[in-house]
Structure formats: C-alpha cells, structure tokens
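# Descriptive structure summary
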Amino acid sequence: MNILFIMYDQLRFDYLSCAGHPHLHTPNFDRVAAMGVRFTNAFVQSPICGASRMSFYTGRYTSSHGAQWNGFPLRVGEHTMGDHLRKLGMGCHLIGKTHMVADAEGMARLGLSPDSMIGARQAECGFDSWIRDDGLWGEGPDGFYDAKRSPYNEYLKSKGYPSDNPWSDFANAGVDEDGDIASGWMFKNADKPANIREEDSETPWLTRETIAFIEQADQPWCAHVSYIKPHWPYIVPAPYHAMYGPNHVPAATRHDAEREDPHPVFGAYMGNKIAQAFQRDDVRQKVIPAYMGLIKQCDDQLGVLLDYLEKSDRMKDTMIVLTSDHGDYLGDHWLGEKDLFHDPSVKIPMIIHDPRAQADATRGTTCDALVEAIDLAATFVDSAGGKVPDHIIEGRSLLPWLHGATPDWREVAISEYDYSASPQCEKLGLEPRDARLFMVFDGRFKLIHAEGGFRPMLFDLHDDPEEFHDLAKGDAHQAQIDQLYDHLARWGRRMSQRVTKSEDDIKTSRGRSGRKGILPFLYDGSEVPDELTEKLRGKAPGRFVDKA
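Summary of the structure given here.

This part is about the overall build of the protein. Helix and strand content of the protein: 19 helices and 21 strands. Scaling as 2.2 N^0.38, a compact globule of 548 residues should have a C-alpha radius of gyration of about 24 Å, and the protein matches this with 27 Å. Across its three principal directions, the C-alpha atoms of the protein cover 105 × 60 × 55 Å. Burial analysis of the protein (548 residues in total) assigns 57% to the buried set. Put simply, of all contacts in the protein between residues at least 6 apart along the chain, 71% involve residues at least 24 apart.

Right under this line is the structure:
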C-alpha cells in the first residue's frame, strides 16, 4: 500500500463543508471523508509551522525533538518517519514544504556532507526530496528571506513571467488601478486577483509535481505533499478571488470578557500588530474571502489528484491523509495568525481514507477521540506492516479507529508552545527558557500552563464552547485545574529520550551477562543454574609458579 500524506498550511479545522462551514463548499475534502474517517478532535503538538511539522515528521512532542520554533534546527540523528518507513521497504518522499532547517553544525561535527544521501536526508527531515519549496520567497533590503533556490520561481521564469522574483511580483501580487504592483503582503489588496494564470499558481503547480512523482514511482511510497496554501499572503488568482465576499464573512468569535483582566500572555498577543490588524472589520472582510478562495482552489486541486488516482487504478492501494500544520485565528479571540491554544489555532482537520477491506465498516464516519498530530507517524508505520517503536514514536496508531475497534486511548491531548523568539517574550520581560506554554485538554476542560510565574488559564468547552471565559481568574474550578496539572505532571515524567533501546530490547537483555560468564556477588555458585558455572568448575590447570 502507498500513502498520500497531504498537508495544507494554516487550514482551519472548520473551513470545510464536511466540518459544517455554512458557505465554503469543499466536495473533494468531503469525498475523502465519505471514503474514510474524519477525526473531529485532532490537535497539533505546537501551533507554529516549524515545531508542528517536526512533530508530524518525527512522531514526537516538541520538547522531545527540540525544534520548537521556526528556524530551530532538527538535531542530527533524530528519527523521522522516513527512517522508520525505509526499514519496512517503503520510500518516503517530499513534494512541497517542510519548514525544516538542517542542523548544519551537527552535520559538520559528524562529518556529514549535505551532498551525500544520508546528509541530504538529515537536511530534509528524513525525506527523499522530489521537489522542495517552502513557499515564502520574500525579498527585502538584506536579501531573500529564504536563501535557497525556489523551484517554483524557476518554473515561473520558464513560463515567461518577466521578473527576478515572479513569486513576489506575480503569484503573490495583483495589479492596482494605476498599473502598479498590488502586493499580497498588504491586506488591502486581498480582494484583487493575483496577476498570474491560475494553472501557474502554486497549488496547481504542486499538484502536477505530485502526479509526476507518482507516475515514475516503482516501489511502495509515502509521498508527503505539502501545499503552502491557504497560508498568507492572502491573495488568490481568478476566478477564486471573486467567489466569496463580505457577505460570507462570519462575525468574529470574540467577547469583551476576554479583554477584561486577561492572562498576561494572552494580553500580550492581543496587543501585537497581527492581532490589531485582524481586530479591524475591513481587514477581515478583505482577507477571509481570499482565504476561502485559496481553500476552494486547494479543494479543486485535491479533486484533480483523486480523479488521477481513480483513472490510474491507484485508489485501491493508496491511503489518503488530509491535514494541516495548525489553524488561523482570522480575528477570533481578538487575534490573528496562530500561536495560542484556542481551537481555531491548535485544532486541525484530519481525514484518513484506508482502502483496505478492514476499514469498510467505518467509511463516512467521524471519530471524536483525542487525536494528536504525532499519531500519523505511528499510523504509517503500522500501515506499512511494522511494529511501532514506542520508545521513539510517542504517537499512537489510528488504525484501530479506522478498522472499527475501540482501543484503550489517551485521556488528554497535549500541545506546547515556545514563544522565546517572539516579541511577546521580550514584552513580558521573560528569559527565553521561561517563554513556554503547555495545553492539556481532556475533551471538556482545557488548561493552559504558562512558565515564568504566571497563573494558568482554564476553559470549559462544554458550557463555553467559544472559549470566552477564563475560569482560572477565580477559585471555583481548582479541582479541575489540579486534575489537569496532574495529567501534565504525568506527561512530563514520560520516558522520551531513551531512543536507542526499546522496552523489548531491555527485557531480552536481562541475564545475558550471566550467560557470558559475568557472575558477581555469588557465595558458592549454588544461587544460579549449574550451566552458568560450568566453566568455573573442575580441576585447576596447575599452580602458577612465579619464576622471576
């Protein structure tokens, strides 16, 4: 079986018609949901691109792999899903974005050349790269944001777009009334069509690259197809730019109570420039229709992939996974972007189609179990016929849910956020090591713990599903706070770094030294089986005589 692992960047869990969006029709997401299981309580391990993706790719929590912010390298030697799957005879390939930064210092220390196979895999999250493009090719006074070559930019140049940076000048810009560039970086331009043929925009381009990869594949594969959209810049080519308007923009999910004596970290984020922009109705009325257009384009391109799999007779042996690395506040809770732990940010879509007959009973169903992003690595290993190495992969296989079982499951979902590199850390006067948040969610109560001496936050999603009222401002819910802190403490005591020895390795190694003649602490040898002392018994070969 093959695995088509599709990730959309910054796609909210509720911006799909199968998840109940009132205006956005996504028939191809719905098509996969009808063929499989939609998990309704799936959470990322960190609500920021790089850290979240490293958890997907390793199957480990961010405090286990250590790459907790964009640009923090994933250390050399960290096991990835590619390492696990290749042992099982399955290739693991990248098509699109990873947000990976290589541990160049670690590679140099170990003498690993980035031009070697092992070096290239270390630099690409364990993937064999078919094509990598992280998608943000911004350019300023100090040069390009990403110094690497952009395959997408090279493609645009080959199609005749006359620019040194056609990503910036065409794919992510429109044209204003005076004929000037209307950059997608500016929210006021979000309602303009991107100045590019729709078929040349990023999402169709990556779809074609995916089909090209599948066409040439000659062994079982896991293909990580990682779209940059609907991540900002929020601008989309025609006809998608005009499919939605201000009448499709919902009122922001926010409440004045959230700004009354807010938690200091929440308050700092509500005051940053991203939040202030999304607190403006005119910004939301420009951005959200463009965001919806980007999702609609993603859905149409998903349809192209699904039709290709059907026509090429590959659907019957391809697992399909649809998910996202985090959500997007879009003005909810007085915030923009992601970063914190309200559902619009930390909760993600996750839809899985398993083509095997064992999954027939669950097709078209939903599952409300507490699922984490790290569960996918375990699921892929399990699907490929391997035993999940649970001393390395901290997630749990979802196959039992897909196959109609009800497994013993986790009681809470955990997410972490290291904001040490953000302006909010400095604003709050924190040292980098103290700028950390932890979410613990038991399906009803959501606790957020903040290092640095702050009080916690607590929300009751049963009585307050919008997460408006922070119950930790008072003392009436100390029992729930204590219970969730107990879960966090138990999680914090997990065995997460003994990755070179499994539980089975340890069990089978017990007593081995005795069978190889290491027998300390015996009085007369009767304490152990005779066979262990066989070479210690019998006539002495003679007395040693010192002839010196």
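We now examine the layout of surface pockets. Here the largest pocket defines a volume of roughly 920 Å³. In terms of lining, the largest pocket is formed by 30 residues, of which the most central are Trp185, Trp232, Lys273, Ile274 and Glu337. Only helix H11 (273-278) and helix H16 (423-427) provide two or more residues apiece to the lining of the largest pocket. Here the element with the most residues in the lining of the largest pocket is H11; it accounts for 4 residues. Looking at the lining of the largest pocket residue by residue, the classes come out as 17 nonpolar, 8 polar and 5 charged. Lining of the second largest pocket is provided by 20 residues; of these, Tyr61, Glu394, Arg396, Trp491 and Arg494 occupy positions nearest its centre. Ranked by the residues each element gives to the lining of the second largest pocket, the list is headed by helix H17 (residues 478-492), at 3 residues. Per-class residue counts for the lining of the second largest pocket are 7 nonpolar, 3 polar and 10 charged.

With that settled, the discussion passes to the sheet that holds strand S17 (residues 371-372). Reading across from one edge, S14-S3-S17 is the order of the 3 strands in this open sheet, with mixed pairing throughout. This sheet does not close on itself; its edge strands, each paired only once, are strand S14 (347-348) and S17. As paired strands, strand S3 (residues 42-43) and S17 are joined by 2 bridges and run parallel to one another. Paired with Phe43 across the bridge in S17 is Glu372.

This part covers the packing of aromatic side chains. Applying the stated criterion across every chain yields a total of 26 aromatic pairs. Relative to Tyr234, the ring of Phe187 lies with its centre 6.1 Å away and its plane at 50°, an arrangement referred to as tilted. Pair noted here: Phe187 is in the loop between strand S9 (181-183) and strand S10 (193-194) and Tyr234 is in the loop between strand S11 (221-230) and strand S12 (236-237), with a separation of 47 residues, a long-range link. An aromatic cluster is defined as three or more aromatic residues linked by ring pairs; in this entry it consists of Tyr15, Phe187, Tyr234, Phe278 and Tyr291. In this arrangement the basic side chain of Arg254 is found over the ring face of Trp334, its NZ or CZ atom lying 4.6 Å from the centre. Here the basic side chain of Arg259 rests over the ring of Trp334, its NZ or CZ set 3.6 Å away from the ring centre.

A few words now on helix H1 (residues 27-35). Turning to H1, its buried residues are Asn28, Phe29, Asp30, Val32, Ala33 and Met35. On its buried face, H1 sits against strand S1 (2-9), strand S2 (37-39), helix H12 (281-311), strand S13 (318-324), strand S15 (350-353) and strand S16 (365-367).

Further remarks concern empty space enclosed by the protein. If a probe the size of a water molecule is rolled over the atoms, the empty space left behind becomes visible. Across all of its chains, the model carries 4 cavities of 30 Å³ or more by this definition. Size it by volume and the largest cavity reaches roughly 100 Å³. Lining the largest cavity, in full, are Gly96, Asp133, Gly135, Tyr152, Glu202, Thr203, Trp205, Leu206, Ser226, Tyr227 and Ile228. Residue assignment for the lining of the largest cavity shows that the elements contributing at least two residues are helix H9 (202-216) and S11.

Looking now at the packing of H9 against H12. Think of two packed helices as two axes; the pair is described by the angle between the axes and how far apart they sit. With their axes 9 Å apart at the nearest point, H9 and H12 run at an angle of 20° to one another. One element, H9, and the other, H12, form an angle in the roughly parallel class. Considering how the two elements wind past one another, H9 and H12 form a crossing that is right-handed. Across the interface between the two elements, Thr203, Pro204, Thr207, Thr210, Ile211, Ile214 and Glu215 of H9 pack against Gln297, Cys298, Gln301, Val304, Leu305, Tyr308 and Leu309 of H12. Classifying every residue of the contact of H9 with H12 gives 8 nonpolar, 5 polar and 1 charged.

All right, on to the side chain of Gln297 then. Examined against the element boundaries, Gln297 turns out to sit in helix H12. Reaching out from Gln297, the side chain makes a polar contact with the side chain of Glu198 at a distance of 2.8 Å. Residues contacting Gln297, with those up to four places away along its chain left out, are Glu198, Ser201, Thr203, Pro204, Val236, Pro237 and Tyr240.

Turning next to the sheet that holds strand S5 (residues 128-132). Read from one edge of the open sheet, 8 strands run S5-S4-S11-S1-S13-S15-S2-S16, paired in mixed fashion. Here the strands that pair on one side only, and so sit at the sheet edges, are S5 and S16. Within this sheet the neighbouring strands show an average axis-to-axis angle of 15°, counted without direction.

About the criteria used
Residues numbered from 1 in each chain as written. Predicted model: local features only at pLDDT ≥ 70, side-chain atom pairs only at ≥ 80, totals over all residues. Heavy atoms only, no water. Helix = DSSP H or I, 4+ residues; strand = E, 2+ residues; numbered from the N terminus. Rg over C-alpha atoms; globule rule 2.2 N^0.38 Å. Buried < 20%, exposed > 50% of the residue type's maximum accessible area, 1.4 Å probe, protein only. Contact = heavy atoms within 4.5 Å. 1 Å grid on protein atoms, 1.4 Å probe; cavity = no way out; pocket = protein on both sides within 12 Å on 5 of 7 lines; lining within 4 Å. Points joined across faces, edges and corners; volume = space filled by probe spheres on them. Nonpolar A, V, L, I, M, F, W, Y, C, P; charged D, E, K, R; others polar. Pairing = 2+ DSSP bridges. Phe/Tyr/Trp six-rings, centres within 6.5 Å; stacked < 30°, edge-to-face > 60°. Lys NZ or Arg CZ within 6 Å of the ring centre and 35° of its normal. Axes fitted to C-alpha atoms, helices over the stretch in contact; angles between N-to-C directions. Parallel < 35°, antiparallel > 145°, perpendicular 65-115°, else oblique. Left-handed = near helix turned anticlockwise from the far one by under 90°. Polar contact = N/O pair within 3.5 Å; in protein donor to acceptor, adjacent residues only side chain to side chain.

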